[in-house]
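Overview (structure and organization)
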Amino acid sequence: MPDQTPSPETRTRARAVLDALLPGVRDRAVDALGPVEGEGLVARLEHHHLDLLGPLEGLYVTDDVTLAALAGRLVGRVIEAAIDRPVALRALDRRREVDPGWFQRARMVGYVAYADRFAGDLSGVRQRLDYLAELGVTYLHLMPLLAPREGDNDGGYAVVDYDAVDPRLGTMADLEQLAADLHDRGMSLCVDLVLNHTAAEHPWALSAAAGDPAYRSFYRIFPDRTEPDRYERTLPEVFPDTAPGSFTHVEGVGWVWTTFNSFQWDLDWSNVEVFAAMLDTVLALADHGVDVLRLDAAPFLWKRAGTDCQNRPEVHLILRALRALVGVAAPGVAFKAEAIVAPQQLVQYLGAHERFHPECDLAYNNQLMVLLWSSLATRDTTLARVALGRMRSAPTSTAWVTYLRCHDDIGWAVSDEDAWASGLDPAAHRAFLSDFYAGVHPGSFARGAVFQANPRTGDRRISGSAASLCGLEAALAAGDTVQTDAAVARLLMMYSVVYSYSGIPLLYMGDELALRNDPRWADDPAHAGDNRWLHRPPMDWATADRRTDVGTVEGTVFTGLAEMARVRAGQLALRAGDRAELLDTGDDRVLGYVRRHPRGPRLVALAAFSDDAVAVPRHRCLPGFVGDAHAVLASPGVRIDDHDVHLPAWGYAWVVETSDGLTRR
Ligand code: OTU
């Protein structure tokens, strides 16, 4: 891992550049914002300057571009964004400067939805905030909502205008109103930012295609196959099935780098103009009231021949510099990395390099997600314990987002090393998981579909809703009430881990009602080629009306999840930012871990990946508990006696010690 620590020379140069900038910045800031806020802005620039100037120097300083000129230009934009920032958002900034761990709180529970599929449009979403509040949601991630290309736009990940909301969803004013409504309720808003590529129809791409050299250099366009061939020798394919290769030939233009679909043109982040343009977008979204930016496909921003063109050190420099700039303009705004990569690479997006450098505040814990599904299929948590135990901790000022399902497929990101260490053959295990979740393995309860089979690597990713993958679809089709109950129990058990393992839990729209795969997913011709739409159903509000009826599947799941959020909010130990300590529970079918907080009782979470009831010995699963053990959350049938914790099939429990050390002494 390259050391990103700035050299003494860089520090000296950075200090000199800062010193030259400060008087002008102070004048402008104090003049526009008054002495108190103005001085705050100056302090933020001083605080972040090394995380800004170090990376900028490494990325963009050339014989023609000096650090002073570049910094002056970018900082100038940041100051103007800070000055334009609405008063209400500046007040929120102040709160978050006082409480920088705001996103780590136990009350944080996320909900992820497509605005149109959830509620029609943005004003529809505003009408549904009571529904989210019922679920205990405090963080709303709306799927891509900036203006996309027409037709197939990869679920909004092909943007034509970063300054406009998709007109079908509303306007920027609607987005601002939604953010304000959320803030009034103590909720925050996360929005996608597609950094790696634009739509082929974006004005930049159109200018590039028309031959404008300034815009041609926004992208990576090659006259012939020489360079593409050279890169492709080491490039993995993201969509091998539907969009093979990483380049697209465009008539009259050349070979365009398109990592994803042919209509998504990769930006060239080695061009400082791309950085500057995206900075403008980031600052604008921040000033519209967005609290968290989900940085889509972050690992892909930098390319280098001879590598897989993911996770390059320069990607981290870009994120660090952007983070520093936003930290100056809008200190209440956080970055969430969407980096579905191996664990050693993943923590780097949270700034965990040789030395810590602030980068993204949040990152998806895709390891936990994959390992939950693996454990569910095998009824064995050994691999989860081994792999999660080996993961490096998230830096204390950051947090994971934990999740079970999202709008994407599930790729079996199980490392060979972890598989072997758990007694599994890695390739065979990945193949088993694909068979199991595609529903073709004998005895499988899951009803998923294979996404992007890659005969070259043997990879077969999986689409499908959480409920269908947990067995609900098959059980209902068979009219099997025992299996229906088991499927519901599996779904809640899996979410009990998501809600208690360290991080912000994300509930994926529809899971709270156990929505199954959408049978009509291919009806829209723009979706028919992408079976991820299987698990992107429209919200079923008729089903939602039964959400409090615990005699129904949806009522059981909805009330179970609402209860989880409520209990979670009251447990300091479930704050993010601290590592979950994995336990050897004495039974490989039971996943267990301890969560701690210095000011609250420790909490042990237990989850049974088992078809049968299990009893785990107290001395193993509640180590060091001397007081009474009390389950603050438990699935029906959980019982704690003097010797064991008894969990029913697919059961779960969160157990705390009722008297702590202080009262005992
Ligand atoms: C993301 O996913 C989005 O989540 C997808 O919905 C988009 O199709 C894609 O970007 C393009 O915008 O490879 O299979 O390490 O895993 O960026 C999905 C990150 C993907 C990648 C991720 C990407």
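Quantities reported herein were computed from a predicted structural model and do not represent experimental measurements. (Residues numbered from 1 in each chain as written. Predicted model: local features only at pLDDT ≥ 70, side-chain atom pairs only at ≥ 80, totals over all residues. Heavy atoms only, no water.)

**Examining the domain arrangement of the chain**
Bring the parts together and some accessible area is lost; that lost area is often taken as the interface size. Quick note on the threshold: Marked domain ranges trace back to an automatic or database domain assignment.
Here the chain is partitioned into domain 1 (197-266), domain 2 (365-579) and domain 3 (580-657). Each of domain 1 and domain 3 was reduced to a C-alpha centroid, and the two centroids are 52 Å apart.

**A few points about the packing of helix α2 (residues 67-84) against helix α12 (residues 313-329)**
The test is simple: Axis definition: a line fit to C-alpha positions, over the contact stretch in the case of helices; interaxial angles, taken between N-to-C directions, run 0 to 180 degrees. Secondary structure elements are defined from DSSP: runs of H or I of at least 4 residues count as helices, runs of E of at least 2 residues count as strands, and each element is numbered from the N terminus. Crossing chirality is assigned from the near helix's rotation relative to the far helix, an anticlockwise turn below a right angle marking it left-handed and a clockwise turn marking it right-handed. Note on contacts: a residue pair qualifies if any of its non-hydrogen atoms lie within 4.5 Å across the two residues. For this classification, Asp, Glu, Lys and Arg are treated as charged, while Ala, Val, Leu, Ile, Met, Phe, Trp, Tyr, Cys and Pro are nonpolar and the rest, including Gly, are polar.
One way to put it is that α2 packs onto α12 with a least axis distance of 8 Å and a crossing angle of 35°. For the crossing formed where α2 meets α12, the hand is right-handed. Residues Leu-74, Val-78, Ala-81 and Ala-82 of α2 form the contact with α12, whose own contacting residues are Leu-325, Val-328 and Ala-329. Partitioned by chemical class, the residues of the contact of α2 with α12 number seven nonpolar, no polar and no charged.

**Quick notes on the packing of helix α20 (residues 481-498) against helix α22 (residues 553-569)**
Which entries qualify depends on this criterion: Here the angle decides the label: under 35 degrees means roughly parallel, over 145 means roughly antiparallel, 65 to 115 means roughly perpendicular, and every other value means oblique.
Taken N-terminus to C-terminus, the directions of α20 and α22 make an angle of 20°; their axes are 10 Å apart at the nearest point. Taken together, the axes of α20 and α22 lie roughly parallel to each other. Crossing of α20 over α22 shows right-handed handedness. In contact with Thr-484, Val-488, Leu-491, Leu-492, Tyr-495 and Ser-496 of α20, α22 contributes Val-553, Thr-556, Val-557, Gly-560, Leu-561 and Met-564. By residue class, the composition of the contact of α20 with α22 is eight nonpolar, four polar and no charged.

**A word on the pairing of strand β2 (residues 139-142)**
Keep this limit in mind: Relative accessibility decides the category of a residue: with a 1.4 Å probe and only protein chains considered, values under 20% of the type maximum give buried, values over 50% give exposed, and everything between is partly exposed. Whether two strands pair comes down to DSSP finding at least two bridges between them.
Residues of β2 alternate between two faces, with Tyr-139 and His-141 on one and Leu-140 and Leu-142 on the opposite face, all of them buried. By the bridge criterion, four bridges tie strand β1 (residues 110-113) to β2 in an arrangement that is parallel. Of the residues in β2, the one forming a bridge with Ala-113 is Leu-142. Where β2 and strand β5 (residues 188-194) come together, four bridges link them in parallel fashion. Its bridge partner lying in β5, Leu-140 is registered against Leu-189.

**Description of the packing of aromatic side chains**
Here is the rule we go by: Here the aromatic set is Phe, Tyr and Trp, taking the six-membered ring for Trp, and pairing holds for ring centres within 6.5 Å; pairs whose planes are under 30 degrees apart are stacked, those over 60 apart are edge-to-face, and all others are tilted. Criterion for a charge above a ring: Lys NZ or Arg CZ within 6 Å of the ring centre, and within 35 degrees of the ring normal.
Tallied over the entire structure, the rule returns 30 aromatic pairs. Ring centres of Tyr-501 and Tyr-593 lie 5.0 Å apart, and the angle between their planes is 80°; on these two criteria the pair is classed as edge-to-face. With Tyr-501 in the loop between α20 and β17 (504-508) and Tyr-593 in strand β19 (residues 590-597), this pair connects stretches of sequence that are 92 residues apart. Each member of the pair, Tyr-501 as well as Tyr-593, carries the same accessibility label: buried. Taken together, the ring pairs connect Trp-373, Trp-412, Phe-432, Phe-436, Tyr-437, Phe-445 and Trp-650 into an aromatic cluster. Geometry around Trp-102 places Arg-96 over its ring, the cationic atom sitting 3.6 Å from the centre. When the ring centre of Trp-533 is taken as origin, the NZ or CZ atom of Arg-536, which lies over that ring, is 4.7 Å away.

**Digging into the site of the ligand**
Heads up, the condition is: Each residue is tested against the molecule or strand, and it is near if at least one of its non-hydrogen atoms lies within 4 Å. Polar contact criterion, stated in full: a pair of N or O atoms within 3.5 Å, where within protein one must be able to donate a hydrogen and the other to accept it, and residues adjacent in sequence count only if both atoms are side-chain atoms. For the area figures, the Shrake-Rupley method with a 1.4 Å probe applies, and any residue is considered shielded solely by the protein chains shown.
In the neighbourhood of the ligand, 20 residues make up the surrounding shell, with Asp-154, Asp-296, Glu-338, His-407 and Asp-408 lying closest. Side-chain polar atom of Asp-296 to an oxygen atom of the ligand: 2.8 Å apart, as the coordinates give it. Alone, the ligand offers 490 Å² of accessible surface; in the complex the protein occludes 95% of this. Among the residues forming the shell around the ligand, the class breakdown is nine nonpolar, three polar and eight charged. Mapped onto the domain boundaries, the shell around the ligand takes at least three residues apiece from domain 1 (197-266) and domain 2 (365-579).

**Re the pairing of strand β12 (residues 334-337)**
The criterion, for reference: By definition, the crossover connecting two strands over a helix is right-handed if that path, from the first strand to the second, turns clockwise as seen with the strands pointing away from the viewer.
With burial as the criterion, each face of β12 is covered, one bearing Ala-334 and Lys-336 and the other bearing Phe-335 and Ala-337. Where strand β11 (residues 292-296) lies against β12, four bridges are found, and the strand directions are parallel. Looking at the pairing, Arg-294 lines up with Lys-336 of β12. What joins β11 to β12 is α12, and the crossover it makes is right-handed. Here β12 runs beside strand β13 (residues 362-364); their pairing, made up of two bridges, is parallel. Paired with Lys-336 across the strands is Leu-362, a residue of β13.

**Observations regarding α2**
Put simply, the rule is: Residue count minus one, scaled by 1.5 Å, sets the expected span of a helix.
The terminal C-alpha atoms of α2, which comprises 18 residues, lie 26 Å apart, in line with the 26 Å expected from a rise of 1.5 Å per residue. Among all positions of α2, only Leu-67, Leu-70, Ala-71, Leu-74, Val-75, Val-78, Ile-79, Ala-81, Ala-82 and Ile-83 are buried.

**Examining the nonpolar core**
Condition: Buried residues of nine kinds, namely Ala, Val, Leu, Ile, Met, Phe, Trp, Tyr and Cys, make up a nonpolar core once their side-chain atoms join them within 4.5 Å.
If you look at the biggest cluster of nonpolar residues, it comprises 209 residues, and the most contacted ones within it are Tyr-111, Phe-118, Tyr-131, Trp-269, Trp-373 and Tyr-437. By residue number, the principal contributor to this core is helix α1 (residues 8-60), which donates 17 residues. Residues within four places of Trp-373 in sequence aside, it is in contact with Leu-404, Arg-405, Ile-410, Trp-412, Leu-433, Tyr-437, Ala-466, Leu-469, Cys-470 and Met-494.

**Some points on unusual backbone geometry**
Phi at Asp-154 takes a positive value of approximately 55°, unusual for a residue other than glycine. Residue position: Asp-154 is located in the loop between β3 (146-148) and β4 (159-165). Note on Asp-154: relative accessible area 7%, which makes it buried. At Trp-650, a residue that is not glycine, the phi angle is positive and equals roughly 55°. Relative to the elements of secondary structure, Trp-650 occurs in the loop between β24 (644-647) and β25 (652-657). A residue is classified by how much of its surface remains accessible, and Trp-650, at 3% relative accessible area, is buried.

**Here we look at the pattern of salt bridges**
Cut-off, in case you're wondering: Any Lys or Arg side-chain nitrogen found within 4 Å of a carboxyl oxygen on Asp or Glu counts as a salt bridge.
Inspection of the entire model under this criterion finds 51 salt bridges. Across the pair Glu-201 and Arg-149 runs a salt bridge, and its minimum N-O distance is 2.8 Å. Placement of Glu-201 in the loop between β6 (197-199) and α8 (203-209) and of Arg-149 in the loop between β3 and β4 is noted, with a sequence separation of 52 residues between them. By sharing partners, the salt bridges in this structure join Glu-37, Arg-44, Arg-90, Arg-94 and Glu-97 into a single network.

**Remarks on the environment of Glu-417**
Relative to the helices and strands, Glu-417 is located in helix α16 (residues 416-421). With a relative accessible area of 54%, Glu-417 lands in the exposed category. Taking the C-alpha atoms as reference points, Glu-417 and Leu-267, separated by 150 residues in sequence, lie 34 Å from one another.

**Some thoughts on α20**
Taking 1.5 Å per residue as the helical rise, α20 with its 18 residues ought to reach 26 Å, and the 26 Å between its terminal C-alpha atoms agrees with that figure. Counting buried positions along α20 yields 13 of 18 residues, so the element is predominantly enclosed.

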